[in-house]
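Residue-level structural notes
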Amino acid sequence: MPRGRFAPTPSGKMHIGNALIALLSWLQMRSADGQFVLRIEDIDVNRSREDLAEALVNDLKWLGLDWDEGPDRGGPCGPYRQSLRQELYEHELQKLHEQGLLYPCYCSRADIAAAASAPHGLASEGKRYPGTCRRLSPEEAQAKAVRKQPSLRIITPEDPLLFQDGIAGVNECRLSDGGDFVVKRADGIISYQLAVVVDDALMGITHVLRGADLLDSTPRQLLLYQKLGYDAPSFAHAPLIVDAEGRRLAKRSRGLSLSFLRAQGIRPQHVVGWLAWSAGLLDRPEDVSPSELVGGFDLSKVRSEPIRLTDEAFRLLFPLHP
Ligand code: GLU
């Protein structure tokens, strides 16, 4: 049975970009008689807020989406909040340890930026990690350990990696372009890369549909699936909604949060129709509910280029404010 998920981080209000991802992943499952899971990615307690997690759930319901398993409904693969899954992550981390794939890293961001050989790595990871701590002798590592808690990095292979994305097409990349990456941070928090793989694997997720900003995380996650001994899901990375200049919408773009749209009296069917039109599922924006889109859903119709919020698109979204 196909299983998909929406996995928001409750660090900001849900905006139209997040809503598009939720809608598309929901449609992908509902059109395939699959199951849909809601998982709250609150692993980073410093960035996550309980009130925002509650607001996310309400926003999704307002849009007309539902889920078979989630923090509010329970299910066989719970808990559905990352903050409650620490033991599961530690167990999987141990499997990587036992294969000799991890090493402690004492470098700060500034150390990495300052490393002479640091070219730009993967967009989501900042500078390429030059491998400094991989080459430490046991004595050097011990001396550093006295002063600082290390993060844990996983050794990445040099070989190029090819994968097929359901929206973005064929992707080729070299994991080593980003360097060895962090699986556990120095503050003890499991990294996004590891947590998301453990969760998707243990929750039996077969289809991951998420924003294109995470496309370059996929090779790192494929490595983790392989090393942890799980089958990888299929991936599809949907376009981001960007402003007229091509800049990414931030969660802080207050005007485009669902709660703001709702407060303006805009109906959920209007938002859903606008999103479906923007993504290429409808020829023109018309008011629809998510369930009315299930029958005609086809992933191949979803455009891969970013969705530009031009003046015209903006006017169509805000019909009450010409
Ligand atoms: N929690 C991530 C976010 O809100 C999404 C993770 C994923 O879909 O893999 O951006």
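Everything that follows concerns the structure shown earlier in this document.
Residues numbered from 1 in each chain as written. Predicted model: local features only at pLDDT ≥ 70, side-chain atom pairs only at ≥ 80, totals over all residues. Heavy atoms only, no water.

Here we come to the packing of aromatic side chains. Counted by the stated rule, this structure contains three aromatic pairs. One aromatic cluster in this structure is built from Phe-260, Phe-314 and Phe-318. The positively charged end of Arg-153 is found above the aromatic ring belonging to Tyr-129, 3.6 Å away from the centroid. The ring of Trp-62 carries the charged tip of Arg-262 above its face, separated from the ring centre by 5.3 Å. (Phe/Tyr/Trp six-rings, centres within 6.5 Å; stacked < 30°, edge-to-face > 60°. Lys NZ or Arg CZ within 6 Å of the ring centre and 35° of its normal.)

A few words now on the pairing of strand β9 (residues 234-238). Look at any regular strand and the pattern is simple: side chains alternate between the two faces of the sheet. Counting buried positions along β9 yields four of five residues, so the element is predominantly enclosed. Both strand β8 (residues 207-211) and β9 contribute to a ladder of five bridges, which runs parallel. From the neighbouring strand, His-207 faces β9, where its bridge partner is Ser-234. (Buried < 20%, exposed > 50% of the residue type's maximum accessible area, 1.4 Å probe, protein only. Helix = DSSP H or I, 4+ residues; strand = E, 2+ residues; numbered from the N terminus. Pairing = 2+ DSSP bridges.)

Here we come to the site of the ligand. For the ligand, the full set of nearby residues is Arg-5, Ala-7, Pro-8, Thr-9, Glu-41, Tyr-192, Val-196, Arg-210 and Leu-214. Between an oxygen atom of the ligand and a side-chain N or O atom of Arg-210, the distance comes to 2.9 Å. In the complex, 81% of the free accessible area of the ligand, which totals 300 Å², lies under the protein chains. (Near = heavy atom within 4 Å. Polar contact = N/O pair within 3.5 Å; in protein donor to acceptor, adjacent residues only side chain to side chain. Areas by Shrake-Rupley, 256 points an atom, 1.4 Å probe, with all protein chains shown as cover.)

With respect to the helices and strands, the residue Ala-313 is situated in helix α11 (residues 311-317). In this structure the C-alpha to C-alpha distance between Ala-313 and Trp-274, which are 39 residues apart in sequence, comes to 8.6 Å. Once residues within four sequence positions are removed from consideration, Ala-313 is found in contact with Trp-274, Trp-277 and Arg-308. (Contact = heavy atoms within 4.5 Å.)

A few words on the packing of helix α6 (residues 192-202) against helix α7 (residues 218-228). Where α6 contacts α7, the two axes come as close as 9 Å, and the packing angle between them is 55 degrees. Judged on the interaxial angle alone, α7 and α6 are oblique. Viewed along their axes, α6 and α7 form a crossing whose handedness is right-handed. Along the contact surface, α6 presents Tyr-192, Gln-193, Leu-194, Val-196, Val-197, Val-198, Asp-200 and Ala-201, while α7 presents Arg-220, Gln-221, Leu-224, Tyr-225 and Leu-228. For the contact of α6 with α7, a count of residues per class yields nine nonpolar, two polar and two charged. (Axes fitted to C-alpha atoms, helices over the stretch in contact; angles between N-to-C directions. Parallel < 35°, antiparallel > 145°, perpendicular 65-115°, else oblique. Left-handed = near helix turned anticlockwise from the far one by under 90°. Nonpolar A, V, L, I, M, F, W, Y, C, P; charged D, E, K, R; others polar.)

The subject of this paragraph is the nonpolar core. If you look at soluble globular proteins, the nonpolar side chains tend to sit buried side by side. Judged by nonpolar contacts, the single largest core of 50 residues is most densely connected at Met-14, Ile-16, Leu-63, Leu-258 and Leu-275. Those elements that provide at least two residues to this core are α1 (16-30), β2 (35-38), α2 (50-63), β9, α8 (258-263), α9 (268-279), β11 (307-309) and α11. With ten residues, the single largest contributor to this core is α1. Not counting residues up to four positions away in its chain, the partners in contact with Leu-275 are Ile-16, Ala-19, Leu-20, Leu-23 and Ile-241. Ranked by size, the runner-up nonpolar core spans 34 residues in total, among them Tyr-80, Phe-181, Leu-222 and Tyr-225. (Core = buried A, V, L, I, M, F, W, Y, C linked by side-chain atoms within 4.5 Å.)

Okay, the packing of helix α3 (residues 86-98) against α7 next. Remark: α3 packs on α7, axes separated minimally by 10 Å, with the N-to-C direction vectors making an angle of 80 degrees. It follows from the interaxial angle that α3 and α7 lie roughly perpendicular. Facing α3, whose interface residues are Glu-92, Lys-95 and Leu-96, α7 presents Leu-224, Lys-227 and Leu-228. Its residues assigned to classes, the contact of α3 with α7 comprises three nonpolar, no polar and three charged.

The quantities given are spatial measurements derived from coordinates; they are silent on function.
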